[in-house]
Amino acid sequence: MKLISPSLEVSIGTQRLRLFDGRRLVREWPCSTSKFGIGFTEGSNKTPLGRFVVKEKHGDEAESGTIFKSRQPVGHWSRGMETQSDLVLSRILWLHGTEPRNANTYQRYIYIHGTNDEGSIGRPSSHGCIRLRNRAVIDLFDLVPEGTPVWIEE
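Residues numbered from 1 in each chain as written. Predicted model: local features only at pLDDT ≥ 70, side-chain atom pairs only at ≥ 80, totals over all residues. Heavy atoms only, no water.

1. Regarding the environment of Glu118
Item 1. Among the secondary structure elements, Glu118 is positioned in the loop between β8 (111–114) and β9 (130–132).
Item 2. The buried category is assigned to Glu118, whose relative accessible area is 13%.
Item 3. Between the alpha carbons of Glu118 and Arg131 there is a distance of 8.6 Å; along the sequence they are 13 residues apart.
Item 4. Residues in contact with Glu118, not counting those within four places in the same chain, are Arg79, Arg133 and Asn134.
Item 5. A polar atom in the side chain of Glu118 sits 3.0 Å from the side chain of Arg79. (Helix = DSSP H or I, 4+ residues; strand = E, 2+ residues; numbered from the N terminus. Buried < 20%, exposed > 50% of the residue type's maximum accessible area, 1.4 Å probe, protein only. Contact = heavy atoms within 4.5 Å. Polar contact = N/O pair within 3.5 Å; in protein donor to acceptor, adjacent residues only side chain to side chain.)

Printed below as a string of C-alpha cells:
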C-alpha cells in the first residue's frame with residue numbers, strides 16, 4: 001500500500017495509534033504509552049505530548065522479535081522467554097519533537113517500537129515510548145517514511 005500523505009495520531013486516553021492518509025483513516029492499532037503518565041522531562045520515563053516527526057527508522061528487514069540496544073540488533077526474543085527488561089523489539093521509529101515543550105524527545109530516545117510484553121498493549125505500561133505488538137510495528141514501519149508527522153494527545 002502506497003500512502004500519499006501519511007500521518008500518525010496517538011491517543012493516550014484510548015491507548016490507540018491511528019494511521020491516516022490525508023484525512024482518511026487507514027489502520028488503527030492498540031498501543032501502550034507510559035505507565036508514569038505524561039511529561040517532557042529527561043529521565044522521567046513519561047510520554048510527551050504534541051507534534052513530532054519520525055526522524056529515523058531502524059530495523060528494516062529484521063526478524064520479528066529482534067532485540068535492539070542503542071538501535072543495533074543484539075539478539076532475538078521469542079514468546080515464553082523469561083526477561084525482566086522492557087525490551088525494544090522488531091522495529092524502531094525514533095521521534096523528534098517539533099515544539100519547544102517536546103524539543104528534547106529525540107535526546108530522550110522516545111520511540112514507537114515492538115515489545116516483549118504484548119499482553120500490556122492497550123493500557124499504559126511503557127517507560128515513555130509508544131509500544132505496539134511486534135506484527136503491528138512491522139506493518140507500520142513498512143507504511144510510513146522518515147519525516148512522517150506524529151501527533152500525541154491526551
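2. What to know about the pairing of strand β4 (residues 50–58)
For a regular strand, the rule is simple: side chains alternate between the two faces of the sheet.
Item 1. Strand direction decides the pairing type here: β4 and strand β10 (residues 149–153), joined by 4 bridges, are antiparallel. Bridged to Phe52 within β10 is Val150.
Item 2. Taken together, the 6 bridges between β4 and strand β7 (residues 88–97) define a ladder with antiparallel strand orientation. Bridged to Phe52 within β7 is Gly97. (Pairing = 2+ DSSP bridges.)

3. Quick notes on the side chain of Ser32
Item 1. With respect to the element layout, Ser32 can be found in the loop between β3 (24–30) and β4.
Item 2. Note on Ser32: relative accessible area 0%, which makes it buried.
Item 3. For Ser32, the contacting residues outside a window of four places in its chain are Gln15, Ser120, Ile121, Gly122, Arg123, Pro124, Ser125, Ser126, Cys129, Ile130 and Arg131.

4. Here's the deal with the state of the cysteines
Item 1. Enumeration over the complete set of coordinates arrives at 0 disulfides.
Item 2. Cys31 provides the cysteine sulfur closest to Cys129, a residue in no disulfide bond, and the two sulfurs are 12 Å apart. (Disulfide = S-S within 2.5 Å.)

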